[in-house]
Structure formats: structure tokens, C-alpha cells
Amino acid sequence: MMDRDRRLASLVSALSEETQAIRVSGDRSPEREHSEPIFTTSSFVFPDAATMADAFVNNSGLSIYARVDNPTVDSFCQRLAVLEGAEACEATASGMGAILSTLMAHCQTGDRVLMSTGVFGATLNLVKNFFIKYGLEIELLSPTDLDAWERALARPAKLAYCETPSNPTIDIVDIEGLAALCRAHDCLLVVDNCFMTPVLQKPLSLGADLIIHSATKYLDGQGRVLGGAVLGRSDLVEPVTSFIRSGGVTMSAFNAWIFLKGLETLDIRMHAHSQKAMALAQWLEQQPQVGRVNYAGLHSHPQKSLIDRQMKAGGGVLSFTLKNGSREDAWAFLNATCLMSLTANLGDVKTTVCHPATSTHGRLDDSDRELMGISENMIRIAVGLESVDDLIEDCERGFAALTY
Ligand SMILES: *Cc1c(COP(=O)(O)O)cnc(C)c1O
């Protein structure tokens, strides 16, 4: 290690987050590379048998095998952990891999899991189609009704799971309030922080026990690769690590490198996404064809004061309904646009648009969709980094296609 690197490492914890997102990483290799290297190797060699035994038996810290650890993945974990204020971080092959690993590590047959209705569609499918088979009891609760969570916690629950803001209805969970209830009832609180990222919201500092990320979204930022992460106290992340290593839902070194690069611009991107989404949301609110606009930056959001306490800005995702609109109207809007990409991803520099009821949430039962507040006339836009004027023009093309 160069002396300069050693001096920087000793003061990195005092640097601002913008700087940490660029400068925190593992050790530079003897090749003196500037950008972090990608270690594309499935295993690692040892100089002698005793050193190998020490790594396998005593966990000496030397890398063994890429399912267990990899220096590029470790660099990503170190950087994200600093940004989230977490003691430990473990990376996974996808966001769903992070959710699967967390539930596998912390729950067992007979445990009760409380889950917000406002979670990612695949998260709900995972618990309803698979964990129920293994004897987990799942109770779905409104993201905005803390009293309902308190009543549910009167019976023992192992884990409470939420996502905030919710997708695509932009309901906000009061993390601090829920964390206090969970702590009083000895229940782990897991928060999916995908929509906000540590730049806009810090669930651990609000009392959550574990954070989930789909790195696929804003941490990458350019829609290239899949990945996920679990963060929190070491004793809570350790069983997750153990599952990931045995279960094999490991992040690849190449993807970790993409996310490392993504984190370097995360701060500037999240603020830009928020500004542009706010401008588009305000414009949408003025349009005669629009019923309701759901965006966490708007004054009209029913949870505005909670938003101001908990989040630094509204992020990039908004949804809106077409006044008196049907599924056909929503599809006509989508089909008439051409700049916004018709795709389900979000967190990309490219703006995406979709009809949640027939895409991201299309496989859920009608009753679940209704419970989640996802109506047939709802459209979701994940605002990228294009000019707002161009996005408005694209929406105008969409509205022009409506026949009423
Ligand atoms: C996309 C997403 C996930 C799942 O992540 P993948 O990387 O697609 O597996 C989980 N939670 C939220 C909020 C998401 O948007």
C-alpha cells in the first residue's frame, strides 16, 4: 500500500458522503491502477498449505473462492456500507436475491412476517408463492396505517418488511415510528431503500435493522446489470452472508465494478432525478386529463410533513391516474409516447414509462392490486435525466391520443 493511500484511508471516515462515494474502496493492487480493478477469477491461490488452512479453517480473511468473496465485490460493499452508515454489507446477484437471502437467514417455519402491501411485485410473489409453502405466516398491512402495524405486533412477529416510497403508489412508511413499534415488540425491521438510496434516505439512522437494495436501479443508474445488497449490524448481516455463500446468490465481480462506478455519481444523479421528477409532476398536476399525481415532492402529497422529516427529496419515480380513464386509455397514452422507454426498469438515466396493472404488478390477483391501490388508469414514470421539456412533449403526445 502506498503511503498516500494509507494517509487517505486514515481520514476517509471524516470525509463528506459525496467524497466517500467516490473514494472508499478496497486496497489498490501492486499494479497501481487508478480505477478499481475487476477481479474476474473464480478462485484464489495460496503460497503454502498452512496459509490455505488458515483461510479455510480460521477465516483469516484471504479470499478463497468467488462465491464466498471477491475483492471487487468487497470494494462495492465497503463503499455502500459507508454511505448507508452500516456496520456490514453483503452483495447479491439481484435485489430479489437480497430479499430471498434475508428471509432465509432470519426466518424459520412457524414465524410470522408482517409485510407492507406497497412492496415490489416479485417480493409479494416470493412470500405468497414460496415462503408460505415452508410455513411462514404472512400478514399484509397498509404502508400508511401505523395503528394497524401496532395491532399486528401484539402477536409475536419475527420480521416486519416495508418499502418506502411504495411502488407505484408513492405511499410513505414512517420508518422511525415503525422502528419504535418493532423494537418494543422484538421484531426485526427490514426496509427496502431502493427508491431513495442513501443519498435521500437513511433507514438505519431512523431505527431500521436491515436495509435491502436492488442495486439494479439507482446504484447502477444506467440500466446495465442486476445486483442487490443487504446492510445492517454485523450480527444481523452475518447469517445473510452465510446463506448467500451456501445458496450461491452471489454478485459477480463485473457487476460489482459497474455498481462501484455507479456510486461515484449517485449523489449528483439522485438530486437531478428528483428535480426533474418534481418539474414533471408539477406539470402533470396542471393537465386536464390527469386525476391524481403521486409524487413525494409535491405539496399535495398527503404525507408531506413525514416526507420532509424522513427524505431529502422525492426521488425519480412518480405515478398518475387518467381522469375517468380506463386500461385502454392508459395503453393509448403509452403507445403514443416515443421518447420515454416502454419498459419496467427504473433508476436509469433514460426515462421509463409503464402501466403497472398490466406489467410490473400484472401477475398479482385483482384483490392484491386493489389492496395496493394500483388502478387500471394508473401510469408510472421513472424520470431519467433527459430535458424536462422533451419529457413534457412526449407526455403531450400521450395525452393527445386520448379520445375523451
Ligand atoms: C427492482 C426492485 C426489486 C428487485 O430487484 P431485482 O434487482 O430486479 O431483483 C426489489 N425492490 C424494489 C423496490 C425494486 O424496485
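Since this is a predicted model, take the numbers as computed values, not measurements.

## Some points on the site of the ligand
Logical step 1: By nearness alone, 15 residues border the ligand, and Ser94, Gly95, Met96, Ser214 and Thr216 come closest of all.
Logical step 2: When residues of the shell around the ligand are traced back to their parent elements, those giving at least two are α5 (95–106) and α6 (121–129).
Logical step 3: When grouped by side-chain class, the residues that make up the shell around the ligand number five nonpolar, seven polar and three charged.

## Observations concerning helix α10 (residues 234–247)
Logical step 1: For α10, built from 14 residues, the straight-helix expectation of 20 Å at 1.5 Å per residue is met to within 8% by its first-to-last C-alpha distance of 19 Å.
Logical step 2: Considered for burial, the residues of α10 that qualify are Leu236, Val237, Val240, Thr241, Phe243 and Ile244. The buried residues of α10 occupy an angular sector of 165 degrees when projected down its axis, which confines them to one face. Turned more than 90 degrees off the buried face of α10, the exposed positions are Ser234, Asp235 and Ser246.
Logical step 3: Buried-residue contacts for α10 involve β1 (88–92), α5, β6 (210–214) and β7 (228–232).
Logical step 4: Of the residues one or two after α10, glycine 248 is the one with positive phi, at around 80 degrees.

## Some thoughts on helix α16 (residues 388–400)
Logical step 1: Over its 13 residues, α16 extends 18 Å from the first C-alpha to the last, a length consistent with the 18 Å expected when each residue adds 1.5 Å.
Logical step 2: Within α16, burial applies to Leu391, Cys395 and Gly398. Each buried residue of α16 sits inside an arc of 50 degrees when the element is viewed along its axis, so together they form one side. For α16, the exposed residues set more than 90 degrees away from the buried face come down to Asp389, Asp390 and Ala400.
Logical step 3: Packing partners of the buried residues in α16 comprise α12 (266–285) and α14 (327–336).

## Some remarks on the domain arrangement of the chain
Logical step 1: On domain assignment, one finds that the chain holds domain 1 (3–264) and domain 2 (267–400).
Logical step 2: Relative to domain 2, the C-alpha centre of domain 1 lies at a distance of 27 Å.
Logical step 3: The interface is formed by 30 residues belonging to domain 1 together with 35 residues belonging to domain 2.
Logical step 4: The residue makeup of the side of domain 1 that touches domain 2, split by class, is 14 nonpolar, 12 polar and four charged.

## Overview of the environment of alanine 272
Logical step 1: For alanine 272, the position within the fold is in helix α12.
Logical step 2: In this structure, the C-alpha to C-alpha distance between alanine 272 and valine 349, residues 77 residues apart in sequence, is 10.0 Å.

## Description of the sheet that holds β7
Logical step 1: Taken together, the seven strands give an open sheet; going across it, the order is β1-β7-β6-β5-β4-β2-β3, and neighbouring strands pair in mixed fashion. Edge positions in the open sheet fall to β1 and β3 (137–141), since each of these has one partner strand only. Within this sheet the neighbouring strands show an average axis-to-axis angle of 20 degrees, counted without direction.
Logical step 2: Here strand β2 (residues 112–116) pairs with β3 via five bridges, running parallel. Across the sheet, the residue bridging to leucine 114 is glutamate 139, located in β3.

## Details of the nonpolar core
Across soluble globular proteins, nonpolar side chains have a tendency to be buried as a group.
Logical step 1: One finds Ala160, Leu189, Leu231 and Leu318 to be the most contacted residues of the largest nonpolar core, which totals 111 residues.
Logical step 2: Counting contributing residues per domain, this core is built from domain 1 (3–264) and domain 2 (267–400), each supplying no fewer than three.
Logical step 3: Residue contacts for alanine 160: discarding those within four places in its chain leaves Leu114, Leu178, Cys182, Cys187, Leu189 and Val190.

## Observations concerning the sheet that holds strand β12 (residues 378–382)
Logical step 1: As summarised here, the arrangement of the five strands in space is β8-β9-β12-β11-β10, forming an open sheet in which the pairing is mixed. Strand pairing shows two members of the sheet lacking a second neighbour, β8 (290–294) and β10 (341–342), which therefore form its edges.
Logical step 2: Note: strand β9 (residues 317–322) against β12, five bridges, orientation antiparallel. The partner of valine 317 across the bridge, within β12, is alanine 382.
Logical step 3: Sheet contacts for α12: β8, β9 and β12; angle to β8, the most-contacted strand, approximately 155 degrees.

## Observations concerning the packing of α14 against α16
Logical step 1: Between α14 and α16, the least distance of the axes is 7 Å, while the angle of their chain directions is 135 degrees. Taken together, the axes of α14 and α16 are oblique relative to one another. Both α14 and α16 take part in a crossing whose hand is right-handed. Residues Phe333, Leu334 and Ala336 of α14 lie in contact with α16, whose contacting residues are Arg397, Gly398, Phe399 and Ala400.
Logical step 2: Partitioning the contact of α14 with α16 into residue classes produces five nonpolar, one polar and one charged.

## Structural notes on the environment of alanine 357
Logical step 1: Position of alanine 357 among the secondary structure elements: in the loop between β11 (352–354) and α15 (366–372).
Logical step 2: The class of alanine 357 is buried, set by 22 C-beta atoms lying within 10 Å.
Logical step 3: C-alpha separation for the pair alanine 357 and asparagine 377, spaced 20 residues apart in sequence, amounts to 8.5 Å.
Logical step 4: Residue contacts for alanine 357: discarding those within four places in its chain leaves Arg327, Gly362, Arg369, Ile374, Ser375, Glu376 and Met378.

What counts as what
Residues numbered from 1 in each chain as written. Predicted model: local features only at pLDDT ≥ 70, side-chain atom pairs only at ≥ 80, totals over all residues. Near = placed C-beta within 6 Å. Helix = DSSP H or I, 4+ residues; strand = E, 2+ residues; numbered from the N terminus. Nonpolar A, V, L, I, M, F, W, Y, C, P; charged D, E, K, R; others polar. Expected span 1.5 Å × (residues − 1). Buried ≥ 20, exposed ≤ 12 C-beta atoms within 10 Å, placed from the backbone. Arc of directions from axis to C-beta. Contact = placed C-beta atoms within 7 Å. Domains from an automatic or database assignment. Pairing = 2+ DSSP bridges. Axes fitted to C-alpha atoms, helices over the stretch in contact; angles between N-to-C directions. Core = buried A, V, L, I, M, F, W, Y, C linked by C-beta atoms within 7 Å. Parallel < 35°, antiparallel > 145°, perpendicular 65-115°, else oblique. Left-handed = near helix turned anticlockwise from the far one by under 90°.

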